[in-house]
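# Fold and contact review
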Amino acid sequence: MASSEPTLFNQVVNLCKRRGFVFPSAEIYGGFRSTYDYGPLGVLMLRNVKDAWWRSMVQMRSDVVGLDAAILSPPQIWEASGHLANFTDPLVDCTACKTRHREDQLEDPNVCPTCGKEGTFTEARAFNLMFKTSAGPVEGAGTEVYLRPETAQGMFVNFKNVLETIRKKPPFGIAQVGKSFRNEITPGNFVFRTREFEQMELEFFVPPEEADTWYRYWMSERYEWYLELGVPADKLRMRPHDDDELSHYSSGTSDVEFMFPWGWGELEGIANRGDYDLKQHAEKSGQKLEYFDQSTGERYVPHCIEPAAGATRSMMAFLLAAYDEEKVNDEVRTVLRLHPRLAPYKVAILPLSKKDTLLPVSEEVLKLLQPHFMCDYDVTQTIGKRYRRQDEIGTPFCVTVDFDSLEDRAVTVRERDSMEQERIPIEELVSYLTQKLGL
Ligand code: GAP
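Computed from a predicted structure; not experimentally measured.

Looking only at helices and strands, the chain has 13 helices and 24 strands in total. Once the C-alpha set of the chain is aligned to its principal axes, its extents read approximately 75 × 70 × 50 Å. When the 439 residues of the chain are sorted by exposure, 51% land in the buried category. Considering only contacts within the chain whose residues lie at least 6 apart along the sequence, 65% involve residues at least 24 apart. Of the roughly 21,200 Å² of accessible surface on the chain, a fraction of 49% belongs to carbon and sulfur atoms. Put simply, the chain has 51 plus and 68 minus side-chain charges, and the middle of one group is 4 Å from the middle of the other.

Set out below in structure tokens:
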């Protein structure tokens, strides 16, 4: 049975806390303003999400290279990009209960959702979402820096460096994964909207006349990526932006959206940014940011197609899509049907008993598998309880070492979704699991 939607959100949030995926940040001090820490399982899964993206966007392609740009950045970047002037949300204060809200997210623009009073809002003012701080020991003019609100600008300001060091010609892309920061007025819905989060962005530079073709290409590629990693088609859709929704730089944007428990929400935006960013940075920096084609003598500013995804938000969607409960022998089994690529552990090694006789061969199996797969090793409680624990965190395979293993040098391999078991010789285990996991 699929878990019903109203409780799904709470079930997943509870599981994340209970099993060490995501903890409220600074919890011993009462938590800290919608920030979260990724625990022992969360750090593995989040890394798997980012690795899956990197594999598909960089490793498997010859037209994309990577970058890791600084998070601290000077105001000139954000002036040129338009963020200083335009990266704002409309903020209103309720004069009765003193709460703050995003005007564009209010169900009724005249009624405060916190105290229910009508007509108590101030005029909306444009609130800039960038975090500003100061670099160096002396505060004052010329020391202000910003925490980047998107990774994208790192690619634009390094366009020339990359072009000069890597022999690529448009169409080619620069990819980056990393933290971004936005002083969101209303963070919430767990890690869906936070002030500190991770993005996975590609800036794909193309000859201007090819922009529309590549825009469509990336819409389809990115939609497929989520499907391949196990998000069901009925929970995924592509939604083109209306003209009044477009960002200040965009001449066309479509969002990949996921059916969250509260409704459709954005996972990723694919934008046709035209030549806006390179032209802006060229003008403000005085540098030439263009491509010169030696074979034709042509010089032009490439247009940019940008698939911009959230790593932390996608991880939440993958968890929601994978969560399932089913009845097995009159008991409810919770199982995370995660794609093996995303599962924190690929294999759990479970000695049937804690007896010393089984431990040497169990540890031998662990050492055999560790170089190939992220493994868990668990000797506590009954084997049934240990299977359930692994099901709940999405481990695709459990390997049980029993007393027969000492004689026949074989182990029992149990598959998470079907719960089917097979006896496999230890010496064939690596190739068996490699083939079954299909990584
Ligand atoms: N460079 C374009 C850009 O940043 P965006 O739509 O603002 O576009 C891209 O952000 C993705 O980053 C979003 O689709 C979402 O997945 C993620 N994201 C944005 N703001 C976020 C937040 N406050 N918390 C978590 N993820 C966020």
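Back to the write-up after that little detour.
Bringing the environment of Gln176 into the picture now. Summarising the element assignment, Gln176 is placed in strand S10 (residues 172-181). C-alpha separation for the pair Gln176 and Met200, spaced 24 residues apart in sequence, amounts to 5.9 Å. Every residue in contact with Gln176, bar those within four places of it in the chain, is listed here: Trp53, Trp54, Leu67, Asp68, Ala69, Arg148, Thr151, Gly154, Met155, Gln199, Met200 and Glu201. A polar contact of 3.1 Å, which involves the side chain of Gln176, links it to the side chain of Arg148.

Below, the discussion takes up the nonpolar core. A general feature of soluble globular proteins is that nonpolar side chains tend to end up buried together. Counting residues in each nonpolar core, the largest one holds 56 residues, and the members touching the most others are Phe21, Trp225, Tyr226 and Phe318. Of all the secondary structure elements, the ones that give two or more residues to this core are helix H1 (5-18), helix H2 (40-59), strand S11 (196-206), helix H7 (211-228), strand S13 (252-260), strand S14 (263-274), strand S17 (303-310) and helix H9 (311-322). Ranked by the residues each element gives to this core, the list is headed by H2, at 9 residues. When sequence neighbours within four positions are dropped, the list of residues in contact with Tyr226 reads Val231, Leu236, Val256, Leu267, Glu268, Ala309, Ser314 and Phe318.

Okay, the site of the ligand next. As a structural note, the neighbourhood of the ligand is formed by 20 residues, with Glu150, Arg182, Thr194, Glu201 and Glu266 the closest of them. Within the side chain of Arg182, one N or O atom sits 2.8 Å away from an oxygen atom of the ligand. Taking 550 Å² as the accessible area of the ligand by itself, protein coverage stands at 91%. Sorting the residues of the shell around the ligand by element identifies S11, S14 and S17 as the ones contributing at least two each. Classifying every residue of the shell around the ligand by side-chain character gives 7 nonpolar, 3 polar and 10 charged.

Sheet faces and side chains relate simply in a regular strand, where the side chains alternate between the two faces. Counting buried positions along strand S18 (residues 323-328) gives 5 out of 6 residues, so the element sits mostly inside the fold. Of the strand pairs in this sheet, S18 and strand S19 (residues 331-336) are connected by 6 bridges, and their pairing is antiparallel. Pairing of Tyr323 across the sheet is with Leu336, part of S19.

Taken as a whole and judged by the stated rule, the model has 36 salt bridges. Here Glu326 ties to Arg333 by a salt bridge, and the two come within 2.8 Å at their closest N and O atoms. Considered together, Glu326 and Arg333 belong to a single accessibility category, that of buried residues. Between Arg414 and Asp391 there is a salt bridge, and its shortest N-O distance comes to 3.0 Å. Residue Arg414 is located in strand S23 (residues 410-415), and its partner Asp391 is located in helix H11 (residues 383-392); the two are separated by 23 residues in the primary sequence. The pair formed by Arg414 and Asp391 is uniform in burial state, with each residue classed as buried.

Our focus in this paragraph is the layout of surface pockets. Approximately 1,500 Å³ is the volume found for the largest pocket. If you go around the largest pocket, you meet 45 residues; those closest to its centre are Arg102, Arg182, Arg193, Glu266 and Arg313. Within the residue set of the lining of the largest pocket, elements represented by two or more residues are helix H4 (83-86), strand S5 (88-93), S11, S13, S14, S17 and H9. Class assignment for the residues of the lining of the largest pocket results in 13 nonpolar, 17 polar and 15 charged. When its volume is computed, the second largest pocket comes out at roughly 300 Å³.

The next point concerns the environment of Pro75. Locating Pro75 in the fold gives a position in helix H3 (residues 75-81). Pro75 gets classed as buried once you look at its relative accessible area, which sits at 18%. Between the C-alpha atoms of Pro75 and Glu144, which are 69 residues apart in sequence, the distance is 7.2 Å. Discounting chain neighbours no more than four positions away, the residues touching Pro75 are Leu84, Glu144 and Tyr146.

Glancing now at the pairing of strand S24 (residues 421-425). Alignment of S23 against S24, held across 5 bridges, turns out to be antiparallel. When the bridges of S24 are listed, Ala410 appears paired with Pro425. Between S23 and S24, which follow one another and run antiparallel, lie 5 residues, and Met419 among them has a positive phi close to 65°.

In this structure, Tyr215 sits in helix H7. Overall, Tyr215 belongs to the buried group, its relative accessible area being 9%. C-alpha separation for the pair Tyr215 and Pro240, spaced 25 residues apart in sequence, amounts to 12 Å. With near-sequence residues (within four places) excluded, Tyr215 lies in contact with Gly252, Thr253, Ser254, Ile270, Ala271, Asn272 and Ile305.

Below, the discussion takes up the packing of H2 against H9. At their nearest, the axes of H2 and H9 sit 9 Å apart, and the two run at 105° to each other. It follows from the interaxial angle that H2 and H9 lie roughly perpendicular. Residue-level contacts link Gly42, Met45, Leu46, Val49 and Lys50 of H2 to Ala311, Thr312, Ser314, Met315, Phe318 and Leu319 of H9. Its residues placed into classes, the contact of H2 with H9 shows 7 nonpolar, 3 polar and 1 charged.

Moving on: the packing of aromatic side chains. With the rule as written, the count across this model stands at 19 aromatic pairs. Centroid distance Tyr36 to Phe190: 5.2 Å. Interplanar angle 75°. Geometry classified as edge-to-face. Of this pair, Tyr36 sits in strand S2 (residues 36-38) while Phe190 sits in the loop between S10 and S11; the two residues are 154 residues apart in sequence, bridging distant segments of the chain. For Tyr36, a relative accessible area of 25% translates into the label partly exposed. For Phe190, a relative accessible area of 9% translates into the label buried.

Parameters and conventions
Think of each chain on its own: its residues are numbered from 1, step by step along the sequence as written. With pLDDT at 70 or above as the cut-off, local features in this predicted model cover only qualifying residues; side-chain atom pairs require 80 or more to be listed or tallied, and sums for whole chains, interfaces and linings still use all residues. To get the side-chain values, take all heavy atoms of the structure and skip hydrogens and water. Helix numbering and strand numbering both begin at the N terminus, where a helix is a DSSP run of H or I of at least 4 residues and a strand a DSSP run of E of at least 2. Three labels apply to residues, based on accessible area from a 1.4 Å probe with only protein chains included: buried if under 20% of the type maximum, exposed if over 50%, partly exposed otherwise in between. Throughout, a residue-residue contact means that at least one pair of heavy atoms, one from each residue, lies within 4.5 Å. Methods summary: accessible areas were calculated by the Shrake-Rupley approach with a probe of 1.4 Å, and residue burial reflects only the protein chains presented. A residue counts as positive if it is Lys or Arg and as negative if it is Asp or Glu; His and the chain ends are not included. One atom stands in for each charge, and that atom is NZ of Lys, CZ of Arg, CG of Asp or CD of Glu. Whenever a nitrogen or oxygen atom comes within 3.5 Å of another N or O atom, the pair is scored as a polar contact, on the condition that within protein one atom can donate a hydrogen and the other can accept it, and that pairs from neighbouring residues in sequence are kept only if both atoms are in side chains. We define the nonpolar core as a collection of buried residues of types Ala, Val, Leu, Ile, Met, Phe, Trp, Tyr and Cys that are connected through side-chain atoms lying within 4.5 Å of one another. Whether a residue is near a molecule or strand depends on its heavy atoms: if one lies within 4 Å, it is near. In this classification, the charged set is Asp, Glu, Lys and Arg, the nonpolar set is Ala, Val, Leu, Ile, Met, Phe, Trp, Tyr, Cys and Pro, and all remaining amino acids, among them Gly, are polar. Here the rule is simple: two strands pair whenever DSSP picks up at least two bridges between them. A pairing counts as a salt bridge when a side-chain nitrogen of Lys or Arg comes within 4 Å of a carboxyl oxygen of Asp or Glu. Cavities and pockets were defined on a 1 Å grid built over protein atoms only: a cavity is a set of grid points that admits a 1.4 Å probe from which the probe cannot escape, a pocket is an open set flanked by protein on both sides within 12 Å along at least five of seven lines, and lining residues are those with an atom within 4 Å of any such point. Grid points are joined across faces, edges and corners, and a volume is the space filled by probe spheres set on the points. Angles shown run from 0 to 180 degrees and are taken between the N-to-C directions of axes, each axis being a line fitted to C-alpha atoms and, for helices, limited to the stretch in contact. These descriptions rest on fixed angle ranges, namely under 35 degrees for roughly parallel, over 145 for roughly antiparallel, 65 to 115 for roughly perpendicular, and the rest for oblique. Stacked, tilted and edge-to-face pairs are distinguished by plane angle, under 30 degrees for stacked and over 60 for edge-to-face with tilted covering the rest, among Phe, Tyr and Trp rings (Trp via its six-membered ring) whose centres lie within 6.5 Å.

Any functional reading would require information beyond the geometric quantities listed.
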